Amino acid sequence: MSLRHTLLAALVCLCLSGCFQTQLNGGVGNAELSIAPLRFPGNVQATATSWNAATLREQWGEETWANVSDFAKLLSVGVAQPALENIDPDTLYLVTAAGGVDYDPQLQQQGLSESPEAVQGSWHAIVSGERILEGNLKVSALTHALYLQVRNAGFDALQSEEILTQLDAAATLVVGDVDQNGTIDYSDVLRFHRNLDTDKFHGDLAGLDALANGIRAGQPEDTLATHAAALFDRTQVSLVFDTGTVALETLNWEAPITAANFLHYVNTGFYDQTLVHRAINNFMIQMGWIAYLGLDVLDRVQWEAKEPGPAILNEASNGLSNTRGTLAMARTSDPNSATSQFFINQVDNTFLDYGSANNPDGYAVFARVISGMAVVDGIAGERTTSVNGIGRDVPARGVILESATVTAP
């Protein structure tokens, strides 16, 4: 039997409708899997126990077991097949895995460990009923990290579609196109396999393994949340103005939707050759909307408005404050209207924070300056004028954001 055929035989169960795999560093056998509505975790709709090595050996038979590769066995333990008659495609569920034994705790990745380790804790995935019924998904340390991120945002106050939006955004910060369908979203997290997809993992792999080890050891949730937050690397971005460079880092754990939105504009070049179109000394500088087209024969700035992408959800309740050096999204009076425009706080502007008297909805902070505030101060001090079609407080000479690029840490 070829390696290809043994792998296919070993993994065919993962392609079945409603099939799960419980996984930390390796597959976890004997884990207790339960599925309950996210809002009512005590109302369990389905349960199953994940397959261990003995279960596989019995199902496959001695001849197949002897011929299947050790790696294929490792990929196959931990499979669970709950009965899904009560699953509603339109409901959001909490999938919980608890206990069991981890067959690759040391990440040897070559076969079933001779010393599998007992799992002391539990881990989770938030999954739509539709995705559950589709099957071929994993409950892993990575799904638990995103579950903890949603918990950190306070999912009780979020609508189901808002939770799914956050999960999709967070996915773009940590993984690539795992399922190879041309897009990156939460489905890629649900398909991520620690042994097979490390080349598509963009976060801190050491943080992911620390989280898995913490779950296996039964560490408390606040410790696990610290591991999960470390998994989301802070992405460094360089803003090159015509007066100097500002270096910043996005706060991916605290503001996944806003950070992912900003990084999309950075990576597509949307911000390149744009104007700082608002500068108020002792307040802030704002940009991300007006394209710079050069000067006319009279040395007047030529410009045009750029067409941004869709509006995003306001994450101002993430606990971050509009202090000096932070970046936040500009928006209209509609709290969920931010698109591409952002501003850099030149001073502490806590009156823009969530829950403040004048701005109860707040302005979402998503990044902070790590060097170059002198450049921000200089731009804020520029002489300004009013420009028809843009508004007041426009730097008169035309201050240019020449480029915005992701940089290596």
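Look up: the structure comes first, before these words.
Residues numbered from 1 in each chain as written. Predicted model: local features only at pLDDT ≥ 70, side-chain atom pairs only at ≥ 80, totals over all residues. Heavy atoms only, no water.

*Asks:* Before we go on, may I ask you to explain the overall build of the chain in this structure?
*Replies:* Looking only at helices and strands, the chain features 12 helices and 21 strands. Across its three principal directions, the C-alpha atoms of the chain cover 85 × 45 × 35 Å. Residues counted as buried form 53% of the 409 residues belonging to the chain. Sequence separation of 24 or more characterises 69% of the internal contacts of the chain that already satisfy a separation of 6 or more. Entry remark: accessible area of the chain is about 17300 Å², with carbon and sulfur atoms responsible for 48%. Considering the chain, the positive charge centre built from 21 side chains and the negative charge centre built from 46 side chains are found 5 Å apart. (Helix = DSSP H or I, 4+ residues; strand = E, 2+ residues; numbered from the N terminus. Buried < 20%, exposed > 50% of the residue type's maximum accessible area, 1.4 Å probe, protein only. Contact = heavy atoms within 4.5 Å. Areas by Shrake-Rupley, 256 points an atom, 1.4 Å probe, with all protein chains shown as cover. Lys, Arg positive; Asp, Glu negative; His and termini not counted. Charge placed at Lys NZ, Arg CZ, Asp CG, Glu CD.)

*Asks:* When you look at the pattern of salt bridges in this model, what are you seeing that I'm missing?
*Replies:* Where charged atoms from two side chains of opposite charge approach closely, those side chains can pair. In total, this model carries 15 salt bridges according to the counting rule given. As a salt-bridge pair, R300 and D296 come within 2.7 Å of each other at their nearest N and O atoms. Owing to a relative accessible area of 18%, D296 belongs among the buried residues under this scheme. One salt-bridge network, held together by shared partners, links R234, E249, E254 and R368. (Salt bridge = Lys/Arg side-chain N within 4 Å of Asp/Glu carboxyl O.)

*Asks:* Looking at this structure, how should I read helix α9 (residues 205-217)?
*Replies:* Note that an α-helix has 3.6 residues per turn; residues three or four places apart therefore point the same way. In a regular helix each residue adds 1.5 Å, so 13 residues correspond to 18 Å; α9 covers 18 Å between its end C-alpha atoms and thus fits that length. Of the residues making up α9, those classed as buried are G207, L208, D209, L211, A212, G214, I215 and R216. The inward-facing, buried residues of α9 abut β7 (101-102), β8 (117-118), β9 (122-128), α6 (141-153) and α10 (221-231). At the N-terminal end of α9, a side-chain oxygen is found 3.1 Å from the backbone nitrogen of A206, two or three residues along, and the residue is D204. The positive-phi residue at the C-terminal boundary of α9 is G218, with phi of around 75 degrees. (Expected span 1.5 Å × (residues − 1). Polar contact = N/O pair within 3.5 Å; in protein donor to acceptor, adjacent residues only side chain to side chain.)

*Asks:* I tried to follow the nonpolar core on my own but got confused; where do I start?
*Replies:* Grouped burial of nonpolar side chains is what soluble globular proteins tend to show. Of all hydrophobic cores here, the largest spans 92 residues; its most connected members are I126, L142 and L239. Among residues more than four places away in sequence, those in contact with I126 are L38, L92, Y93, L94, Y147, V150, I163, L167 and Y186. Judged by nonpolar contacts, the second largest core, of 12 residues, contains C19, A53, V79 and Y103. (Core = buried A, V, L, I, M, F, W, Y, C linked by side-chain atoms within 4.5 Å.)

*Asks:* I keep staring at the sheet that holds β7 and nothing clicks. Help me out?
*Replies:* Within a sheet, neighbouring strands are paired by backbone hydrogen bonds and run either parallel or antiparallel to one another. Strand order in the open sheet made by the three strands is β2-β7-β8, with antiparallel pairing throughout. Edge positions in the sheet fall to β2 (28-29) and β8, since each has one partner strand and no second. When β2 meets β7, the two strands line up antiparallel, connected through two bridges. Bridging across to β7, V28 finds its partner in D102. (Pairing = 2+ DSSP bridges.)

*Asks:* Is there a simple way to think about the sheet that holds strand β4 (residues 46-49) in this case?
*Replies:* Spatially, the four strands line up as an open sheet ordered β4-β3-β6-β9, and their pairing is antiparallel. The strands lining the two open edges of the sheet, one partner per strand, are β4 and β9. Put simply, the sheet's adjacent strands are angled 20 degrees from each other on average, direction ignored. Two elements, strand β3 (residues 32-37) and β4, share four bridges in a ladder whose sense is antiparallel. Bridge pairing in β4 places E32 opposite T49. α6 rests against β6 (92-98) and β9 of the sheet, and its axis sits at about 75 degrees to β9. (Axes fitted to C-alpha atoms, helices over the stretch in contact; angles between N-to-C directions.)

*Asks:* Help me understand the packing of aromatic side chains, please; the structure alone is not making it clear to me.
*Replies:* For any pair of aromatic rings, geometry is given as the distance between the ring centres together with the angle between the planes. One pass over the structure, following the stated rule, counts 12 aromatic pairs. When the ring of W60 is compared with that of W65, the centres are 5.8 Å apart and the planes differ by 45 degrees; the resulting orientation is tilted. Connected via pairs of aromatic rings, a cluster forms that spans F262, Y265, F270, Y271, F342 and F366. It is K73 that lies over the ring of W65; its NZ or CZ is 4.2 Å from the centre. (Phe/Tyr/Trp six-rings, centres within 6.5 Å; stacked < 30°, edge-to-face > 60°. Lys NZ or Arg CZ within 6 Å of the ring centre and 35° of its normal.)

*Asks:* Just to check I follow, could you spell out the side chain of S128 for this structure?
*Replies:* Its place among the elements puts S128 in strand β9. Judged by its relative accessible area of 17%, S128 falls in the buried class. Dropping the residues within four chain positions of it, S128 is found in contact with T91, L92 and Y93.

*Asks:* What's the story with the packing of α6 against α10 in this structure? I'm lost.
*Replies:* Each packed pair of helices is defined by two parameters, the angle between the axes and the distance between the axes. Between α6 and α10, the shortest axis-to-axis distance is 9 Å and the interhelical angle comes to 105 degrees. Between α6 and α10, the interaxial angle falls into the category roughly perpendicular. Facing L142, H144, A145, L148 and R151 of α6, the residues of α10 in contact are E221, L224, A225, A228 and L231. Its residues assigned to classes, the contact of α6 with α10 comprises seven nonpolar, one polar and two charged. (Parallel < 35°, antiparallel > 145°, perpendicular 65-115°, else oblique. Nonpolar A, V, L, I, M, F, W, Y, C, P; charged D, E, K, R; others polar.)

*Asks:* When you look at the pairing of strand β13 (residues 274-280) in this model, what are you seeing that I'm missing?
*Replies:* Successive residues of a regular strand alternate their side chains across the two faces of the sheet. In terms of residue burial, β13 counts as a mostly covered element, since five of its seven residues are buried. Sheet analysis places β13 next to strand β14 (residues 284-295), joined by five bridges and oriented antiparallel. Along β14, the bridge assignment pairs T274 with A291. What sits between the antiparallel neighbours β13 and β14 is a turn of three residues, in which N282 has the positive phi angle 65 degrees. Pairing of β13 with strand β21 (residues 400-407) involves two bridges; the strand directions are antiparallel. Across the sheet, the residue bridging to L275 is I400, located in β21.

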